[in-house]
Amino acid sequence: MSSIWQVATETDRIDGLDYRGQAFWVEVKRDLNKGEQQRVATSGFKGMVPSVGDGRGARRGEPAAEPSILVDWAAQTFARVLEYLVDWSLADDKGNKLPLEPAARKRESVETLHPEVYDLIEKAITAHVERREIEKKVPSGEPRPRAISA
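Note that this is a predicted model, so its numbers are computed, not measured. Each chain carries its own residue numbering, running from 1 in the direction its sequence is written. Only residues with pLDDT of 70 or above have their local features reported here, since the model is predicted, and side-chain atom pairs are shown and tallied only from 80 upward, although totals for entire chains, interfaces and linings are computed over all residues. Hydrogens and water molecules were not included; the side-chain quantities draw on all heavy atoms of the structure.

> Tell me about the side chain of Gln 76, and please be specific about residues and values.
With respect to the helices and strands, the residue Gln 76 is situated in helix H2 (residues 73-84). Identification of polar contacts relies on pairs of N or O atoms within 3.5 Å, with a donor-acceptor requirement for protein atoms, meaning one able to donate a hydrogen and the other able to accept it, and with residues adjacent in sequence counted only if both atoms are side-chain atoms. Within the structure, Gln 76 has its side chain in polar contact with the backbone oxygen of Val 40 (distance 3.2 Å). A contact between two residues is defined here by any heavy atoms of the two lying within 4.5 Å. When near neighbours in sequence (up to four residues on either side) are disregarded, Gln 76 contacts Val 40, Ala 41, Ser 43, Gly 44 and Val 71. Under the DSSP-based scheme used, a helix requires at least four consecutive residues in state H or I and a strand at least two consecutive residues in state E, with every element numbered from the N terminus.

> Outline a nonpolar patch on the surface, supporting the account with residue identities and numerical values.
Here the term patch refers to residues with relative accessible area over 30% and no salt bridge, with like charges joined within 9 Å and nonpolar side chains (Val, Leu, Ile, Met, Phe, Trp, Tyr) within 5 Å. For the area figures, the Shrake-Rupley method with a 1.4 Å probe applies, and any residue is considered shielded solely by the protein chains shown. Salt bridges are defined as contacts in which a side-chain nitrogen from Lys or Arg sits within 4 Å of a carboxyl oxygen from Asp or Glu. Residues Phe 45, Met 48, Ile 69, Val 71 and Trp 73 make up a contiguous nonpolar surface patch of roughly 540 Å² in combined accessible area. Of all the elements in the fold, those that place two or more residues in the nonpolar patch are strand S3 (45-49) and strand S4 (68-71). For Val 71, the location among the structural elements is in strand S4.

> I'd like a rundown of the packing of H2 against helix H3 (residues 103-111), residues and numbers included.
Relative orientation of the contacting elements H2 and H3 amounts to 125 degrees, with a least axis distance of 11 Å. Taken together, H2 and H3 sit at an angle that is classed as oblique. For the element pair H2 and H3, the recorded crossing hand is right-handed. Side by side, H2 and H3 meet where Phe 78, Val 81 and Leu 82 of the first sit next to Lys 106, Arg 107, Val 110 and Glu 111 of the second. We call Asp, Glu, Lys and Arg charged. Ala, Val, Leu, Ile, Met, Phe, Trp, Tyr, Cys and Pro are nonpolar, and the rest, Gly among them, are polar. The residue inventory of the contact of H2 with H3, partitioned by class, reads four nonpolar, no polar and three charged. Axis definition: a line fit to C-alpha positions, over the contact stretch in the case of helices; interaxial angles, taken between N-to-C directions, run 0 to 180 degrees. The cut-offs work like this: below 35 degrees is roughly parallel, past 145 is roughly antiparallel, 65 to 115 is roughly perpendicular, and the gaps in between are oblique. Handedness of a crossing is defined here by the sense of rotation of the near helix relative to the far one, left-handed for an anticlockwise turn of less than a right angle and right-handed for a clockwise turn.

Below is the structure:
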C-alpha cells in the first residue's frame, strides 16, 4: 500500500541488453524510498581525514581547512545496483534463474557476474535513474510551488 507520502513499489523493465549475443532484461525499481537512498548514500563512506594545509597554518580569523571525506565510489555504485535490481532473465546453464532473494543470494549472484555483464546492468540502471530525474522535474510552463512562511 502507498500514499502520497510514500514511494510506491513500482518497477520498470529494461529490455534489449545483450552480452555476447545473448539478450537479457532486468527489472528495476522505478524510484527508491528514503531508506534505500540512505543505504546507497552511506554505502561508500570510508571515513574522514583532515585536510593537508600549505604548511603555513591558518591565519588568525581565517577558517580552518575542511576535512576530506573518503568515498569508495565502486562500493556505492554496487549498492545502488543491489537496491534498484528487482528481477532479471539471467539463468544458469540448466535454465534456472540466478537467484535475487534473499538479499545474501542476490549479492552473491551480482558479485559472481562477468564484469562486462555487471557493467551493462549498472549502465542501464544509471540511464534509468537519469531518465527518472528528468521525468520528475517540473515542466517550465508549470507554476512553481509557493513559499510558505512559518
